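In case you want the letters, here they are:
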Amino acid sequence: IISRKPGREFEANGMVEYGSLNTVRVGGGVSVPMGETFALRVAGQKLTRDPLFDDGGSEVDQWNGRMVGVWTPDDRNELTMTFDYLSFNNSNDPTTLYAVNPNARLANGNVPTSVSAYLNSPTLSDPYKVKAYETQRGLVYVGQGWLKNWGAMAQYTHDWDDFSMTVQYSRREIWSLASGATR
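All of the points below concern the structure found in this document. (Residues numbered from 1 in each chain as written. Predicted model: local features only at pLDDT ≥ 70, side-chain atom pairs only at ≥ 80, totals over all residues. Heavy atoms only, no water.)

Tracing the backbone through its elements, the reader meets G29 in strand 2 (residues 23–33). On the basis of relative accessibility, which here comes to 8%, the residue G29 falls in the buried class. Taking the C-alpha atoms as reference points, G29 and V42, separated by 13 residues in sequence, lie 5.5 Å from one another. Excluding its chain neighbours within four sequence positions, the residues that come into contact with G29 are E11, A12, N13, R41, V42 and A43. (Helix = DSSP H or I, 4+ residues; strand = E, 2+ residues; numbered from the N terminus. Buried < 20%, exposed > 50% of the residue type's maximum accessible area, 1.4 Å probe, protein only. Contact = heavy atoms within 4.5 Å.)

Pasting the structure below:
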């Protein structure tokens, strides 16, 4: 991702969206020149949405932000520094989980080929009956997933008459977690 660099003039922009399921997206950015040789741009966005399902699955809550600073001490040198952050905190779609006994056999000795074959087979008897997750049939699993990441980048460019040289360093960290609960 290449973030937009700040300009030599003050600039600001923003946006607001509203949609179904109370979807709200708010974002904007501002570029600020800070003297003759340095400029800074800060931008961000927030997105929220109500769940798609009655039991809370697929709710969205995320935001991100970026900051870019550019220092140009003269016509031949430029140092660009970028920092970005993303927080993505959503609930997963509800899913009915089943724990299937891999040793189960139908009355004719065949292995069922799908969960529905297990569930729809009256010929399975205990202990070979399909056992729903957490020992209850039809239990709904609603997971919570979050992703957080940040990145930083520094890029220096020197321009000679016939060619230029760019040196870049970057670092990115990503954390994620998927957890779940049954209902």
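On the surface, a cluster of nonpolar side chains totalling about 480 Å² of accessible area is made up of Y156, W160, F163, M165 and V167. Among the structural elements, M165 can be located in strand 10 (residues 164–182). By relative accessible area, which is 38% here, M165 ends up partly exposed. (Patch = residues over 30% accessible without salt bridge, like charges linked within 9 Å, V, L, I, M, F, W, Y side chains within 5 Å. Areas by Shrake-Rupley, 256 points an atom, 1.4 Å probe, with all protein chains shown as cover. Salt bridge = Lys/Arg side-chain N within 4 Å of Asp/Glu carboxyl O.)

Tallied over the entire structure, the rule returns 7 salt bridges. Of the charged contacts, one joins R4 and E11 as a salt bridge, the two residues approaching to 2.6 Å between their closest N and O atoms. Overall, the relative accessible area of 45% leaves R4 in the partly exposed class. The salt bridge partner of K5 is E78, with a shortest N-O separation of 2.7 Å. Here E78 lies in strand 5 (residues 77–91) and K5 lies in the segment before strand 1 (11–19), a separation of 73 residues in the sequence. Given the relative accessible area of 39%, K5 is considered partly exposed.

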